[in-house]
Structure formats: structure tokens, C-alpha cells
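# Descriptive structure summary
The chain contents come next:
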Amino acid sequence: WDIESGKLIRTLEGHAGSVNAVALTSDGRGAVSASDDRTFKVWDIESGKLIRTLEGHADSVNAVALTADGRRAVSASSDRTLKVWDIESGKLIRTLGGHAGGIYAIALTADGRGAVSASSDKTLNSGTSRAAN
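The structure presented is a predicted model; accordingly, all values stated were derived computationally and were not measured.

## What about the packing of aromatic side chains?
- Summed over the entire model, instances satisfying the criterion amount to 1 aromatic pair.
- Ring centres 5.4 Å apart and planes at 70 degrees place the aromatic pair Phe40 and Trp85 in the edge-to-face group. Of this pair, Phe40 sits in strand E3 (residues 39-44) while Trp85 sits in strand E7 (residues 82-86), and the two are 45 residues apart along the sequence. As far as the burial class goes, Phe40 and Trp85 line up, both buried.

## A closer look at the confidence of the model for the protein
- For the protein, per-residue confidence averages 92 on the pLDDT scale, and residues scoring 70 or more make up 95% of the total.
- Within the protein, no element has a lower average pLDDT than strand E11 (residues 124-128), which sits at 79, and none a higher one than strand E5 (residues 61-66), at 97.
- Note on residues 129-133: pLDDT is under 50 here. Beyond four places in sequence and across chains, it has 21 contacts.

## Thoughts on the environment of Lys91
- With respect to the helices and strands, the residue Lys91 is situated in the loop between E7 and strand E8 (92-96).
- Under the relative-accessibility criterion, Lys91 is labelled exposed at 56%.
- Considered as a pair, Lys91 and Arg72 are 19 residues apart in the sequence and their alpha carbons are 9.9 Å apart.
- Dropping the residues within four chain positions of it, Lys91 is found in contact with Val84, Trp85 and Asp86.

Cut-offs and rules
- Residues numbered from 1 in each chain as written.
- Predicted model: local features only at pLDDT ≥ 70, side-chain atom pairs only at ≥ 80, totals over all residues.
- Heavy atoms only, no water.
- Phe/Tyr/Trp six-rings, centres within 6.5 Å; stacked < 30°, edge-to-face > 60°.
- Helix = DSSP H or I, 4+ residues; strand = E, 2+ residues; numbered from the N terminus.
- Buried < 20%, exposed > 50% of the residue type's maximum accessible area, 1.4 Å probe, protein only.
- pLDDT = per-residue confidence, 0-100.
- Contact = heavy atoms within 4.5 Å.

Here it is, written out as C-alpha cells:
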């Protein structure tokens with residue numbers, strides 16, 4: 001969207017389920033989207049091109065956050081896990097557990113090393129994710 005004019009610039013299509021969340025890279029050129037189709041996708045916003053689809057969750061992906069440098073993403077899922085990804089390669093770096101319910105929100109610290117997750121189990125979990133490493 002063009003915020004000033006209110007005009008739609010581009011529609012990005014490719015998910016097989018509802019899109020639950022989106023995060024933009026700090027330069028505004030890239031985005032990642034989280035979906036009920038158990039994937040999250042990496043997009044080039046300027047061209048509208050799908051760069052890659054990342055798979056690994058066993059249930060809906062509800063939220064996603066990017067490190068400030070845009071190199072890592074953390075996805076949050078109804079499968080009760082967070083997954084840390086290398087955006088450039090699409091490689092899964094690690095899986096974080098600890099919630100008894102689905103995870104619906106994720107926030108990263110400014111340095112990308114810490115995360116706070118919010119779950120249907122009525123808790124927030126926090127810790128060092130090492131997402132920036």
C-alpha cells in the first residue's frame with residue numbers, strides 16, 4: 001500500500017491458507033509472511049517475487065519477527081514452538097520450545113539475541129534466542 005495516497009501497489013499471492021502476520025526488513029525491500037498453511041514465505045517487495053518458502057512447523061504459523069539486520073527470522077506456531085531461520089539460505093537454525101499452548105506473538109530485542117513469546121497457555125516466555133548469531 002501507498003500510505004499517503006491509499007492506493008494498492010501490489011498483491012503478493014502464494015500461501016495456501018490464511019496469512020496471519022507479516023514483518024518487513026528495515027530497508028523495506030523484503031518481507032516475511034506467516035500462514036495457516038504451516039509455512040512462512042520470504043518476499044521481494046519491490047518486484048512482488050516470492051524468494052523462498054520455509055517449512056518445518058507442524059501447525060499454523062501465527063507470527064514472525066525479523067532481526068534488525070534482516071538476516072534472521074523467528075517464527076511462532078500453534079505447534080508450541082518458535083523456529084529461528086537464516087533468511088538468506090532458508091536454513092532452520094534451531095527450534096525453541098517451552099510453551100504448553102500455541103504461540104501467537106513474538107518480539108525480538110534490538111540486538112536480535114533475545115525474544116519474548118506470547119501463548120494461548122496464558123504465559124509469556126523470554127530468553128536469549130541467539131537469533132543474531
